[in-house]
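Chain and residue survey
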Amino acid sequence: MKLQWKITGHLLLLVASIGIFSCSTENETSEQPSLIIKFKFDQNQARLNNLGQPSLIPIGNAAQSPDMQKISAHYLELSPSMNTLLGQGKVLYHAPETDLGGAMAIDFSQAKIVGQNEVFLKIPITPQLAGAYNWIRVSLSYQTGNIQVYSQGSTYTGTLESFVGYNTYIGTHSIGNNVFPVNDNREQGYWAFALNSLPFATSGQAPAGATTVPNPLFQTSPIPQGSCVVTGKFETDLTITGNETKDIEVTLSLSTNASFEWTEVTTDNKFEPAIGENVVDMGLRGLIPSFVK
């Protein structure tokens, strides 16, 4: 009887083990592959202008490369060719909007804000995504990072928030303990700044149309004035069959090379707002997309 009990017990354990293994394997294989989008910031990437061509800093201006920390986007689209008009590619994402401020605007309270290499978007790969894409377009809406400010012989580090989307409804936003009540729409170029170590904060608005938005397809697929749809080309086509068995991870490398630009009063390449040096451009300076299957 004891021997029979032992054999029966061992068989039950074996069956249970097989059952656990089967469930685990089934769960692993049944998980649907996803298209994953992440961002990367690169201070050494080429500095481009609105036409996607190399750009120098204009005479009378100066610029620095921010230590970018976080970013958000309003819109993502895969494009199969250079002739595909904006909106006619494969739209992957469109952030929530609101008319609380009057005109339709990006709803900042619902923005997804991520850091470098964090997942911004993860969507299942389905047959509806199938296609061959050599361009990707991303409408950036918000960015924040550290910049250097010069005042009375000393250099300070501060945090800059830039709202680069076409129009953004902002309730109240904050940098550290500094609160900025807005409760209204802000057009592209609104910014807020606070020192990291001293009780100083301010905000302002860059000139209309001054934010750089690189679009190498300006001749065949233009973007609306005032939008922030940055366009970049894959080195090789991103081909999606819709029958993938593994995730596809896309990294959007954004150029922060001298992307924070201001007018100089004293020609010393130091941002000194106390003497009237004003922000003119906060647009990121290019997009290089890549993918891993």
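Notes on the structure in this doc start here.

Here is what the cut-offs are and how they apply
- Residues numbered from 1 in each chain as written.
- Predicted model: local features only at pLDDT ≥ 70, side-chain atom pairs only at ≥ 80, totals over all residues.
- Heavy atoms only, no water.
- Helix = DSSP H or I, 4+ residues; strand = E, 2+ residues; numbered from the N terminus.
- Buried < 20%, exposed > 50% of the residue type's maximum accessible area, 1.4 Å probe, protein only.
- Areas by Shrake-Rupley, 256 points an atom, 1.4 Å probe, with all protein chains shown as cover.
- 1 Å grid on protein atoms, 1.4 Å probe; cavity = no way out; pocket = protein on both sides within 12 Å on 5 of 7 lines; lining within 4 Å.
- Points joined across faces, edges and corners; volume = space filled by probe spheres on them.
- Pairing = 2+ DSSP bridges.
- Axes fitted to C-alpha atoms, helices over the stretch in contact; angles between N-to-C directions.
- Salt bridge = Lys/Arg side-chain N within 4 Å of Asp/Glu carboxyl O.
- Core = buried A, V, L, I, M, F, W, Y, C linked by side-chain atoms within 4.5 Å.
- Contact = heavy atoms within 4.5 Å.

1. Remarks on the overall build of the chain
- Each helix and strand in the chain was counted, giving 1 helix and 19 strands.
- Here the chain holds 293 residues, and 44% of them are scored as buried.
- For the chain, the exposed surface amounts to about 14,900 Å²; the carbon and sulfur share of it is 54%.

2. As for empty space enclosed by the protein
- Applying the stated rule across the entire model yields 1 cavity of 30 Å³ or more.
- Here the largest cavity is characterised by a volume of approximately 70 Å³.
- As for the largest cavity, its lining consists of Pro66, Met68, Gln143, Thr144, Gly145, Ile147, Leu160, Ser162, Ser259, Phe260 and Met282.
- Secondary-structure elements contributing two or more residues to the lining of the largest cavity are strand S9 (131–151) and strand S10 (154–163).
- The element best represented in the lining of the largest cavity is S9, accounting for 4 residues.

3. A closer look at the sheet that holds strand S17 (residues 260–263)
- Spatially, S2-S17-S18 is the arrangement adopted by the 3 strands of the open sheet, whose pairing is antiparallel. Strands at the two margins of the open sheet, each flanked by one partner only, are strand S2 (61–64) and strand S18 (279–281). Averaged over all adjacent pairs, the angle separating strand axes in this sheet is 40°, with direction ignored.
- Relative to S18, S17 runs antiparallel, the two being bridged by 2 bridges. In the strand pairing of S18, Trp262 is matched with Val279.

4. Observations regarding the pattern of salt bridges
- All told, the structure shown has 4 salt bridges when counted by the stated rule.
- The salt bridge partner of Glu249 is Lys38, with a shortest N-O separation of 3.5 Å. Within this pair, whereas Glu249 is found in strand S16 (residues 248–255), its partner Lys38 is found in strand S1 (residues 34–42), the two being separated by 211 residues in sequence.
- In this structure, the salt-bridge partner of Glu261 is Arg285, at a minimum N-O distance of 3.2 Å. Here the residue Glu261 occupies a position in strand S17, and Arg285 occupies one in the loop between S18 and strand S19 (287–292), the gap between them amounting to 24 residues.
- You can call Glu261 buried: its relative accessible area is 5%.
- The exposure class of Arg285 is buried, given its relative accessible area of 3%.
- Here the residues in one salt-bridge network are Arg47, Glu261, Asp281 and Arg285, joined through shared partners.

5. Some remarks on the nonpolar core
- The biggest cluster of nonpolar side chains holds 35 residues, and the ones touching the most others in it are Leu35, Phe39, Leu76 and Leu140.
- At the level of elements, S1, strand S3 (67–79), strand S4 (90–94), strand S8 (119–124), S9, strand S15 (229–240) and S16 are the ones that each hand at least two residues to this core.
- Tallying contributions element by element places S3 first for this core, with 5 residues.
- Contacts of Leu76, omitting those with residues within four sequence positions, involve Ile37, Lys90, Val91, Leu92, Tyr93, Phe120, Leu121, Ile136, Arg137, Val138 and Leu252.
- Counting residues in each nonpolar core, the second largest holds 13 residues, with Leu160, Phe193, Phe271 and Met282 among its members.

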